[in-house]
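Examining the three-dimensional arrangement
Spelled out from the first residue to the last, the chains are:
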Amino acid sequence: MVQPLAKPTTKKTTRLKAMLGAPSLSFLMEAHNGLSAKIAEEAGFEGIWGSGLSISAALGVRDNNEASWTQVLEVVEFMADATSVPILLDGDTGYGNFNSARRLVMKLEQRGVAGVCMEDKIFPKTNSFLRSTAQPLADMEEFAGKIRAAKEAQRDDAFVVVARVEALIAGHGMVEALKRGEAYRKAGADAVLIHSRERHPDEILQFKKEWGDRLPLVIVPTKYYTTPTDVFREAGFKIVIWANHLMRSALTAMQATAKQIFTAQTLIGVEEKVAPLAEVFRLQGESELEQAEKAYLPKGGPVARGIVLAAGRGDELGELTRDRPKAMVPIAGKPLLEHILDAYRSANVRELVVVRGFAKSAVDVQGASFVDNDNYASTGELASLACAKASLDGPCIVSYGDVLFKRYVLDELLETEGDFVVAVDSIAAEPAADATPAKAARKADWAACSEPHSRKTLLANVLLKDMLTDPTSPGITGEWTGLLKMSGNGAKAVRELLGTLSEKELATASVPDLLRRLVREGREVKVVYTRGGWLDVDTLGDVLRGSSFQ
Ligand code: SPV
Ligand code: MG
């Protein structure tokens, strides 16, 4: 009974077997790794030939069993994982005797390979198109035993074993080829691959004529490639294998590209000719991983984004900020902003967004993306944050371009759960610090929290109650460091809130104003207490202090 071609939902083995039973001619395309296998499937091929020649060539070795069978197995496993169409592996001679062959079948079944083709030569074999004197044939009975062992080893009834007759390749003639084909049929082979090195299809057509329909026949027209495919179709062959053409086309392209880049010493002229990186990522299934991350990572996910508000000039630094913003003032040999970005990276916060404003072209740090607040001169911090609104999508940390911090402060912030978490320094609120005249004079963001810093607060849930500007206000328990962490939900709430602010509010509002508003709206703003570990660079003295801070 003729089987209809199986649907893609059926097993790979069943689909390969169905190709052998189908009335029409099917095609297998060569592949030699996961990528080429994917390319073959995308081109429309319903099955893949795991070519021994191509896999060896891609590994940089000869087609003489120089790659061990387990190395081939590794490659074909990647190919099977990368595709949904069946793979027929070129299993050479079965890599040994009957025992090696049946173990091979077991491992191929385990790794999702649909079938194996074994040729009646001696291990280690030589490619069929090389010296015919180097093509000794296996003893027919011994090879028939190997085919029987392979068939009896399979657990999946549909697993395909193809017996490849090399009698014509080795110059033993048609009679020997037919005799061998018959012996392998009797041993249980699902199909016979009759191989030829002739430029014309005469000998395979003659074989088919004499063979009739005893078993499906498979051919490899590498040498008789000028024969119209309809000739094979009309003769009644079941499968044509295009045996090495992806490997050979890759080779030609790689040689040309390597030569051109070597000669020109530039990528210009090559970039347009090679696959764009986006195509590489598409073939790798990058978008699936992006979706999966959304589905499987914990809500909100780890904080991977830092937003640095660095639009301000920092007039108080005079000449130092004549034509660069405060964030670009050098501290210990590199701009303040670089120190900040390094601190983020060291805590694995790698998606960094910098809001520029004054002298934006001077902000030439690497490894960050930029958004611009071109109205920096007439607007405030929240206007800058609003410029980075697109980045308020998922968990993030917001900080200032003039505040240095140590990694441990960031780590504490990252480890604390909550929609909003702020780092507050308690040293500044201690009586000794209170007594220093500097405190009163200094412009700072004072935080009133639900409890003052003590050993107890290490475990307690301390919440922000208010943000104050007058250092003499009662209830101050510390100074806000400028660091605010938000969860995905927190960032979303802030993004929405920014959308409701009037132009007038955006012109003046600061991040402390935002914190105050969140608290008044009844949102929990958690506090992580720190003792030092940060430096707000406001004065020339701070710039000097910055050098020893590092
Ligand atoms: C292969 O592709 O490795 C084959 C086919 O065995 S051939 O190279 O034609 O022998
Ligand atoms: Mg081969």
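Residues numbered from 1 in each chain as written. Chains lettered and ligands numbered in written order. Predicted model: local features only at pLDDT ≥ 70, side-chain atom pairs only at ≥ 80, totals over all residues. Heavy atoms only, no water.

**With respect to the overall build of the chain**
So the rule is basically this: Numbering goes from the N terminus for both helices and strands, where a helix is a DSSP run of H or I of at least four residues and a strand is a run of E of at least two. Relative accessibility decides the category of a residue: with a 1.4 Å probe and only protein chains considered, values under 20% of the type maximum give buried, values over 50% give exposed, and everything between is partly exposed. Two residues form a contact once any of their heavy atoms are found within 4.5 Å. To be clear on the numbers: accessible area is Shrake-Rupley with a 1.4 Å probe, and residue cover counts the displayed protein chains and nothing else. By the counting rule applied here, Lys and Arg register as positive and Asp and Glu as negative, while His and the ends of each chain are not counted. Taken as the charge centre is NZ of Lys, CZ of Arg, CG of Asp or CD of Glu, depending on the residue.
A count of helical and extended segments in the chain gives 21 helices and 21 strands. Based on the C-alpha atoms only, the size of the chain along its principal axes is roughly 110 × 55 × 40 Å. Residues classed as buried in the chain amount to 50% of the 550 residues present. A sequence separation of at least 24 residues applies to 73% of the contacts in the chain between residues at least 6 apart. Carbon and sulfur atoms form 54% of the exposed surface of the chain, whose accessible area is close to 26,700 Å². The distance from the centre of the 67 positive side-chain charges to the centre of the 73 negative ones in the chain is 4 Å.

**Some points on the state of the cysteines**
We count it as follows: The disulfide criterion used throughout: a pair of cysteine sulfur atoms within 2.5 Å.
Within the structure shown, the criterion is met by zero disulfides. A disulfide-free cysteine, Cys-387 has its sulfur positioned 15 Å from the sulfur of Cys-396, the nearest such atom.

**Comments concerning the domain arrangement of the chain**
How big an interface is tends to be reported as the loss of accessible area on association of its parts. As a reminder of what qualifies: Note that the domain bounds were set by an automatic or database domain assignment.
Domain assignment breaks the chain into domain 1 (18-243), domain 2 (247-274) and domain 3 (275-542). For domain 1 versus domain 2, the distance between C-alpha centres works out to 33 Å.

**Section: the packing of helix H7 (residues 173-186) against helix H8 (residues 202-211)**
How we decide: Simply put, an axis is a line fit to the C-alpha atoms, just over the touching stretch for a helix, and the angle between two N-to-C directions goes from 0 to 180 degrees. Geometric relationships in this document are graded by angle, where less than 35 degrees denotes roughly parallel, more than 145 denotes roughly antiparallel, 65 to 115 denotes roughly perpendicular, and other angles denote oblique. Helix crossings get a hand from a simple test, with the near helix turned counterclockwise from the far one by less than a right angle marking a left-handed crossing and a clockwise turn marking a right-handed one. In this classification, Asp, Glu, Lys and Arg are treated as charged, Ala, Val, Leu, Ile, Met, Phe, Trp, Tyr, Cys and Pro as nonpolar, and every other residue, Gly included, as polar.
Between H7 and H8, whose axes approach to 11 Å, the crossing angle comes to 50°. Classified by the angle between their axes, H7 and H8 sit oblique to one another. Both H7 and H8 take part in a crossing whose hand is right-handed. Residue-level inspection shows Met-174, Ala-177, Leu-178, Gly-181, Glu-182 and Arg-185 of H7 in contact with H8, the latter providing Glu-203, Gln-206, Phe-207, Glu-210 and Trp-211. Classifying every residue of the contact of H7 with H8 gives five nonpolar, two polar and four charged.

**Here's the deal with a nonpolar patch on the surface**
Defined as follows: Within the patch definition used here, like charges are joined within 9 Å and nonpolar side chains (Val, Leu, Ile, Met, Phe, Trp, Tyr) within 5 Å, considering only residues with over 30% relative accessible area and no salt bridge. The rule for a salt bridge is simple: a side-chain nitrogen of Lys or Arg has to be within 4 Å of a carboxyl oxygen of Asp or Glu.
Nonpolar side chains collect at one region of the surface, where Leu-277, Val-280 and Phe-281 lie side by side and expose about 270 Å² of accessible area between them. By the secondary structure assignment, Val-280 is in helix H11 (residues 277-284). The partly exposed category is assigned to Val-280, whose relative accessible area is 33%.

**Let's talk about the confidence of the model for the chain**
Keep in mind that low pLDDT regions are not for reading the predicted coordinates in detail. Using the following cut-off: The score called pLDDT rates the predictor's confidence residue by residue, from a low of 0 to a high of 100.
Of all residues in the chain, 95% have pLDDT values of 70 or greater, and the mean over the chain is 92. The low-confidence segment residues 1-5, where pLDDT is below 50, has 10 contacts with residues more than four positions distant or belonging to other chains.

**Regarding the nonpolar core**
What counts here: Here, the term nonpolar core denotes a set of buried Ala, Val, Leu, Ile, Met, Phe, Trp, Tyr and Cys residues that are joined through side-chain atoms within 4.5 Å.
By size, the foremost hydrophobic cluster in this structure holds 77 residues, and its most contacted members are Ile-307, Tyr-344 and Leu-385. It is helix H13 (residues 336-346) that contributes the most residues to this core, six residues altogether. Ala-40, Leu-73, Phe-237 and Leu-246 belong to the second largest nonpolar core, which has 59 residues in total.

**As for the packing of aromatic side chains**
Short version of the rule: Two aromatic rings from Phe, Tyr or Trp, using only the six-membered ring of Trp, form a pair when their centres are within 6.5 Å; if the ring planes differ by under 30 degrees the pair is stacked, by over 60 it is edge-to-face, and anything between is tilted. Whether a charge lies above a ring is judged from NZ of Lys or CZ of Arg, which has to be within 6 Å of the ring centre and within 35 degrees of the ring normal.
A complete count under the given rule lists nine aromatic pairs for this structure. Centre to centre, the rings of Phe-27 and Trp-242 are 5.6 Å apart; their planes meet at 5°, and the pair counts as stacked. Highlighted residues: Phe-27 in strand E1 (residues 26-31) and Trp-242 in strand E8 (residues 239-242), separated in sequence by 215 residues. On the basis of an interplanar angle of 75° and a centroid distance of 5.4 Å, the ring pair of Tyr-344 and Phe-405 is categorised as edge-to-face. With a gap of 61 residues between them, Tyr-344 in helix H13 and Phe-405 in strand E15 (residues 403-405) connect regions that are remote in the sequence. Both residues of the pair, Tyr-344 and Phe-405, belong to the buried class. An aromatic cluster is built from Tyr-224, Phe-232 and Phe-237, whose rings are joined through pairwise contacts. Above the ring of Phe-129, the side-chain terminus of Lys-223 is found at 5.0 Å from the ring centroid.

**Remarks on the site of ligand 1**
Cut-off, in case you're wondering: Any residue with at least one heavy atom within 4 Å of a molecule or strand is counted as near it. Polar contact is the term for a pair of N or O atoms within 3.5 Å; when the atoms are in protein, one must be able to donate a hydrogen and the other to accept it, and sequence-neighboring residues count only if both atoms are side-chain atoms.
Close contacts around ligand 1 come from Trp-49, Ser-51, Gly-52, Leu-53, Asp-90, Asn-127, Ser-128, Phe-129, Arg-164, His-195, Val-220 and Ala-243, and that covers them all. Measuring from an oxygen atom of ligand 1, one finds a side-chain N or O atom of Ser-51 at 2.7 Å. In this structure, an oxygen atom belonging to ligand 1 sits 2.7 Å away from a side-chain N or O atom of Asp-90. Out of a free accessible area of 280 Å², ligand 1 has 100% covered by protein chains. Of the residues belonging to the shell around ligand 1, the class tally is five nonpolar, five polar and two charged.

**Observations concerning the pairing of strand E19 (residues 476-486)**
Put simply, the test is: DSSP bridges decide pairing: two strands pair if at least two such bridges lie between them.
With respect to burial, E19 is a largely interior element, 11 of its 11 residues being buried. Where strand E14 (residues 396-400) and E19 come together, three bridges link them in antiparallel fashion. Paired with Cys-396 across the two strands is Met-486, which belongs to E19. Relative to E19, strand E16 (residues 420-425) is paired through five bridges, and the arrangement is antiparallel. Within the sheet, the bridge partner assigned to Phe-420 lies in E19 and is Met-486. Here three bridges tie strand E17 (residues 446-449) to E19, and the two strands are oriented antiparallel to one another. Along E19, the bridge assignment pairs Ala-447 with Gly-478.

**Observations regarding unusual backbone geometry**
Backbone torsion omega between Phe-123 and Pro-124 reads -5°, so that peptide bond is classified as cis. Position of Pro-124 among the secondary structure elements: in the loop between strand E4 (115-119) and helix H6 (140-153). A positive phi angle, close to 50°, is found at Ala-332, a residue other than glycine. The topology assignment puts Ala-332 in the loop between strand E10 (330-331) and strand E11 (334-335). Although it is not a glycine, Ala-359 adopts a positive phi angle of roughly 45°. Relative to the helices and strands, Ala-359 is located in the loop between strand E12 (351-356) and strand E13 (369-372).

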